[in-house]
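Residue-level listing of the chains:
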Amino acid sequence: MRAAVYGAGALGTVLGAALTRSGADVELVSRDQEHVDALNRSGARITGLREWTVPVKACTPQQMSGRYDVILLLTKQMANTAALPRLAEHLAPDGIVCALQNGIPEPELAAALGADRVAGGVVTWNAVRIGAGQARLSPPESSLHFKIGSLPGTDPRRLDPVKALLERFCPAEPVEDLLGLRWSKLLINAALSCPASILGGKCGAVLEDARWRRIALYLLRECIAVGHAAGVKFEPVQGYDYPAELAFSTLREEQQVLAKMPELFARNAPAVPSMLLDLQKKRPCEIGALNGFVCRTGLERGVPTPFNDTAVRLVREIAAGEKTFSPEHAVEFAALLPE
Ligand SMILES: NC(=O)C1=CN([C@@H]2O[C@H](COP(=O)(O)OP(=O)(O)OC[C@H]3O[C@@H](n4cnc5c(N)ncnc54)[C@H](OP(=O)(O)O)[C@@H]3O)[C@@H](O)[C@H]2O)C=CC1
Ligand SMILES: CC(C)(CO)C(=O)C(=O)O
């Protein structure tokens, strides 16, 4: 089986190194010539939870040749439109692209490639690119897990080669309802990655600050309401059925939920959100595909999303250089919170 990791950035470098190390025939594809040269010259250098230097094969999109049976898509979601012609050219007729990105990338991919040639999966582990040819994999070990799914109406056995490939690194558990899985990961990004990117810290910083933890809870509540209005059945992730765990109707129940949030999201606490890295590097970030997607869906379904609207506005203001990272942006949500 011939495979490619298309978008060998933070996650892609770690995954490409892990798969190559396991003996898989995999190429790491990146637009960044310096990164490609470093990977080919000195191997992929992984630090953190794994300490590996792995000789790998890397190329730019223009240097790709032939067809791949499995392409693991790990660009940022905004790059998908630009990447599609290359994916279409190099995917084997019975091959499959598995998007491991955040957000809900599958509809656009399926429209171009065909639903039975697209799968999706969520990643709850965290990695950071730290230089040409190098990435750091963050703990905890328990986060090393994939959940994957095929598109409605397609043969779930199409997932078999994806599962076999990913399991060369860590468990890859198939789920029946990919959309429910996608929305559950969206909860984590909308309520932790986004606020952490606004205050300029790790996801744990949101959980540690009483004001931000409460904002995160209301962001979660809004996303869950929008998802339910859209007919989503949230799939358990990280061992939790989040809508059930986070439900509250009185202020007393709210206190109880707030008290257990650090435990519910303990695996995410050490993560540096990929959105924050993009904002720090002044690169386009995925806010439109994450909280922005929740706002758009809320608008379509008649569910107000004032918390997510505020979060999107703040991220956009930071991206435009109009605001800097600060926990004090919590005040922007104060008028929305119940007394
Ligand atoms: N990092 C993390 O811990 C996690 C990330 N995710 C999700 O995984 C996805 C990837 O994230 P991450 O690894 O952090 O992202 P990075 O930005 O580190 O990597 C993305 C890579 O894609 C490359 N790329 C962008 N556009 C193209 C293109 N048109 N053709 C080829 N390559 C391209 C980029 O190259 P260049 O540098 O030239 O732009 C970069 O190497 C995102 O959807 C993210 O939300 C999910 C869970 C955790
Ligand atoms: C949840 C988190 C923060 C790490 O898995 C993530 O998805 C990201 O960094 O984009």
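Residues numbered from 1 in each chain as written. Chains lettered and ligands numbered in written order. Predicted model: local features only at pLDDT ≥ 70, side-chain atom pairs only at ≥ 80, totals over all residues. Heavy atoms only, no water.

Draft legend 1. Region of interest: the sheet that holds strand β10 (residues 134–137). Spatially, β4-β3-β10-β9 is the arrangement adopted by the four strands of the open sheet, whose pairing is mixed. Unpaired on one side and paired on the other, β4 (52–54) and β9 (127–131) mark the two borders of the sheet. Ignoring strand direction, the axes of neighbouring strands in this sheet form an average angle of 25°. (Pairing = 2+ DSSP bridges. Helix = DSSP H or I, 4+ residues; strand = E, 2+ residues; numbered from the N terminus. Axes fitted to C-alpha atoms, helices over the stretch in contact; angles between N-to-C directions.)

Draft legend 2. Summary view of the pairing of strand β7 (residues 91–99). Most of β7 is tucked away: seven of the nine residues are buried. Two strands pair when backbone bridges link them, and strand β6 (residues 68–73) and β7 are joined in this way by five bridges, in the parallel orientation. Pairing of Ile71 across the sheet is with Val97, part of β7. Crossover β6 to β7 through helix α3 (residues 80–90) is right-handed. Pairing geometry for β7 and strand β8 (residues 118–123), over three bridges, is parallel. (Buried < 20%, exposed > 50% of the residue type's maximum accessible area, 1.4 Å probe, protein only. Right-handed = clockwise from strand over helix to strand, strands pointing away.)

Draft legend 3. Focus on the sheet that holds β8. An order of β5-β2-β1-β6-β7-β8-β11-β12 is seen for the eight strands of this open sheet, with the pairing classed as mixed. Unpaired on one side and paired on the other, β5 (57–59) and β12 (172–174) mark the two borders of the sheet. Going from strand to strand, the sheet's axes swing by 25° on average, the running direction of each strand aside. In this structure, strand β1 (residues 2–6) lies alongside β6, joined through four bridges in parallel fashion. Within β6, the residue paired with Ala3 across the bridge is Val70. Across the sheet, helix α1 (residues 10–21) lies against β1, β2 (25–29), β6, β8 and β11 (146–150), angled at about 160° from β2, the strand it touches most. (Contact = heavy atoms within 4.5 Å.)

Draft legend 4. Region of interest: the UniProt feature "domain: Ketopantoate reductase C-terminal" (unreviewed entry) in the protein. Here, UniProt's "domain: Ketopantoate reductase C-terminal" (unreviewed entry) annotation points to residues 178–318. Across residues 178–318, the secondary structure splits into 70% helix and 0% strand, with the terminal C-alpha atoms separated by 32 Å. (UniProt positions renumbered as here; feature names shortened; annotations may be inferred.)

Draft legend 5. Up close: the domain arrangement of the protein. If you check the domain split of the protein, you get domain 1 (2–176) and domain 2 (180–336). Taking the mean C-alpha position of each, domain 1 and domain 2 sit 26 Å from one another. Note on domain 1 versus domain 2: buried area summed over both sides is about 2100 Å², and carbon and sulfur give 56% of it. Together, Lys76, Asn102 and Ile104 form the three largest contributors to the area buried by domain 1 at its contact with domain 2, with a combined 26%. At the surface where domain 1 touches domain 2, the tally comes to two salt bridges. Across the salt bridge formed by Lys76 and Asp278, the nearest N and O atoms sit 2.8 Å from each other. Those elements that place two or more of their residues in the side of domain 1 that touches domain 2 are β8, β9 and β11. Sorting elements by how many residues they give to the side of domain 1 that touches domain 2 places β8 first, with four residues. Residue composition of the side of domain 1 that touches domain 2, grouped by class: eleven nonpolar, ten polar and four charged. (Domains from an automatic or database assignment. Buried area = accessible area lost by both parts, 1.4 Å probe. Salt bridge = Lys/Arg side-chain N within 4 Å of Asp/Glu carboxyl O. Nonpolar A, V, L, I, M, F, W, Y, C, P; charged D, E, K, R; others polar.)

Draft legend 6. Representation of the site of ligand 1 in the model. Inspection of the region around ligand 1 gives 25 residues, with Arg31, Asn102, Asn126, Ala127 and Glu286 positioned closest. Contact distances for ligand 1 include 3.5 Å between an oxygen atom and a backbone N or O atom of Gly9. Between ligand 1 and Arg31, the relevant distance is 2.5 Å, taken from an oxygen atom to a side-chain nitrogen or oxygen of the residue. Secondary structure elements with two or more residues in the shell around ligand 1: α1 and β9. Grouping the constituent residues of the shell around ligand 1 by class yields ten nonpolar, eight polar and seven charged. The two domains that each donate at least three residues to the shell around ligand 1 are domain 1 (2–176) and domain 2 (180–336). (Near = heavy atom within 4 Å. Polar contact = N/O pair within 3.5 Å; in protein donor to acceptor, adjacent residues only side chain to side chain.)

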